[in-house]
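Observations on the three-dimensional arrangement
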Amino acid sequence: MKKLLLLSIFSIFGFTVAHSQSAWKIGVNAGIPVGDVEDIATFQLGLDVAYLYPVSDLFSVGALAGYSHYFGDDIKTGLGTVSVDDFSFLPIAASARFGFEDSLFAGLDLGYAIGLDDGNDGGFYYRPKVGYDIGPLAIIASFAGIAVDGGDVSSVNLGVEFGF
């Protein structure tokens, strides 16, 4: 299943690269872990690279790849303090955006996040987002989630994106 999903995503990416009217986007974001990981992680930092092809004036589709790093926390237990190691993911996703007339947009990334650490198998990746374009720069608020065995790895994020 993982191989089929990755093959599909790379196929979409290859199709969009073949068209010249598209736009590259590079984004950085920071987030607060929520849900199942809020007790074991303190902070999240991420980097994304996307290629979006405009289907119409207001709608674009493409592919996205990124890196998401969660910083582990120190947890106090009855037996002492336990340090949780940092953990990271490599999200690979299809991406879509719908723009509104006043520079606002809404988007969704769907794909798979590959776990980059021992014992981190990764999982289904989803990231709804809203943003505001300011020329080649955009401010983006998002919720990133990764459905992993036995729970989820999620964060509420704020970031900037540069388009070229």
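Residues numbered from 1 in each chain as written. Predicted model: local features only at pLDDT ≥ 70, side-chain atom pairs only at ≥ 80, totals over all residues. Heavy atoms only, no water.

Turning to the overall build of the protein, a few remarks are in order. Scanning the protein from N- to C-terminus turns up one helix and 10 strands. Classification of the 164 residues of the protein by burial places 37% in the buried group. Long-range contacts, defined as pairs at least 24 residues apart, comprise 51% of the intrachain contacts of the protein with a sequence gap of at least 6. Accessible surface computed for the protein: about 8900 Å², of which carbon and sulfur atoms make up 67%. (Helix = DSSP H or I, 4+ residues; strand = E, 2+ residues; numbered from the N terminus. Buried < 20%, exposed > 50% of the residue type's maximum accessible area, 1.4 Å probe, protein only. Contact = heavy atoms within 4.5 Å. Areas by Shrake-Rupley, 256 points an atom, 1.4 Å probe, with all protein chains shown as cover.)

The topology assignment puts Gly159 in strand 10 (residues 151-163). According to the relative accessible area criterion, Gly159 is buried, its value standing at 12%. Here the alpha-carbon distance between Gly159 and Leu45, two residues 114 residues apart in the chain, equals 9.6 Å. Not counting residues up to four positions away in its chain, the partners in contact with Gly159 are Val28, Asn29, Ala138, Ile139 and Ile140.

What follows concerns the sheet that holds strand 1 (residues 23-34). With antiparallel pairing, the eight strands of this closed barrel are ordered in space as 1-2-3-6-7-8-9-10. Within this sheet the neighbouring strands show an average axis-to-axis angle of 25°, counted without direction. (Pairing = 2+ DSSP bridges. Axes fitted to C-alpha atoms, helices over the stretch in contact; angles between N-to-C directions.)

Generally, phi is negative for residues other than glycine and the peptide bonds are trans, each holding for most cases. One non-glycine residue, Ser103, lies in the positive phi region at around 75°. In this structure, Ser103 sits in the loop between strand 6 (87-99) and strand 7 (104-115). In this structure Ser103 comes out as partly exposed when scored by relative accessible area, which is 30%.

Right, let's get into the pattern of salt bridges. Summed over the entire model, instances satisfying the criterion amount to three salt bridges. Ionic pairing is found between Asp48 and Arg127, a salt bridge with its closest N-O pair at 2.5 Å. Of this pair, Asp48 sits in strand 2 (residues 41-54) while Arg127 sits in strand 8 (residues 123-134), and the two are 79 residues apart along the sequence. The class of Arg127 is buried, set by a relative accessible area of 5%. Here Lys129 makes a salt bridge to Asp109, at a shortest N to O gap of 2.9 Å. Taken together, the residues span a long stretch of sequence, with Lys129 in strand 8 and Asp109 in strand 7 at a distance of 20 residues. Residue Lys129 is classed as buried on the basis of its relative accessible area, which comes to 5%. Residue class for Asp109 comes out buried when judged on its relative accessible area of 0%. (Salt bridge = Lys/Arg side-chain N within 4 Å of Asp/Glu carboxyl O.)

Any link to function would need more than the numbers given here.
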